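# Coordinate analysis (summary)
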Amino acid sequence: SFTMADSDCETWEYRLYTGGLGVDAGTYTIYAVSSPSDRYHLSRTTWETIPITLSRPYVTVSDRRLSIAQGDDLKLTGEAAGNPDAGVALWIFGRNYFLYDTVPAERGGWFSYELPGGMTESMETGEYKVIVQHPMANGNFDLWPDNSREMVLGTTPWYGAPVFRIAGPGSLQGPAAASALISALKSPYIDDTYSEYSVYIQNPKITILPDSLQASPDKPVILSGT
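Residues numbered from 1 in each chain as written. Predicted model: local features only at pLDDT ≥ 70, side-chain atom pairs only at ≥ 80, totals over all residues. Heavy atoms only, no water.

### Comments concerning the sheet that holds strand β10 (residues 143–145)
Overall, antiparallel pairing links the three strands, which are arranged β10-β11-β12 in an open sheet. Each end of this open sheet is capped by a strand with a single partner; those strands are β10 and β12 (162–165). Neighbour-to-neighbour, the strand axes of the sheet open up by a mean angle of 25 degrees, direction not taken into account. Pairing geometry for strand β11 (residues 151–154) and β12, over three bridges, is antiparallel. Pairing of Met151 across the sheet is with Arg165, part of β12. Those strands touched by helix α2 (residues 174–185) are β10 and β12, and its axis lies near 165 degrees from that of β12. (Pairing = 2+ DSSP bridges. Helix = DSSP H or I, 4+ residues; strand = E, 2+ residues; numbered from the N terminus. Axes fitted to C-alpha atoms, helices over the stretch in contact; angles between N-to-C directions. Contact = heavy atoms within 4.5 Å.)

Next comes the structure, spelled out in structure tokens:
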């Protein structure tokens, strides 16, 4: 089959929206032909080809490990290939802590999400697991929390039934909840992909650099640290 591309006297342009092609990832060949001829009848026309490679959408994060002090701003950044209209979903699991939110993907697929210091100040010290969920080709998040933030729900094979509990009796927390979400995302019935990393919340502290304690008679003492 073929389609038509508008042109002026010297140039032409055609936008191929790959999201709705219904083809698998792989390498394909595009033929540009000066007449309505298919690839088997090109001997009497002018034509050119170009290969394109379609890859599966993916999501990456800028840092696999972050450490901040309570009260510091926490900024999470990354890239979602495929420019998903729904953006990406962020899951943060910690001891007695759960956060879910969606973030739009900017031009080029970049996304950014920030927890202000007022929120991190109340978070307990320790490790927090962050899962970034990409909706993939269907544009829908196939796993999501219910409105009360007590259950994680999903499409097939759960058909809207609870996948696991994140609040109340028998709930999973921290790394256990993150592992359960990852196991669900790896289900062959879920087309979403993900990326994960860890955030460590620490007690605020102050340090003085040892070199700053060295003094000499003819120089001032300059104290420095973090």
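Once you've had a look at it, read on.
### Describing the sheet that holds strand β13 (residues 193–202)
With mixed pairing, five strands are arranged side by side in an open sheet as β4-β13-β9-β6-β7. Whereas interior strands pair on both sides, the edge strands pair on one side only; in this sheet they are β4 (65–69) and β7 (97–103). The sheet shows a mean angle of 20 degrees between the axes of neighbouring strands, taken without regard to direction. The pairing of strand β6 (residues 88–94) with β7 spans seven bridges and is classified as antiparallel. Its bridge partner lying in β7, Gly94 is registered against Tyr97. Sheet contacts for α2: β6, β9 (126–134) and β13; angle to β9, the most-contacted strand, approximately 20 degrees.

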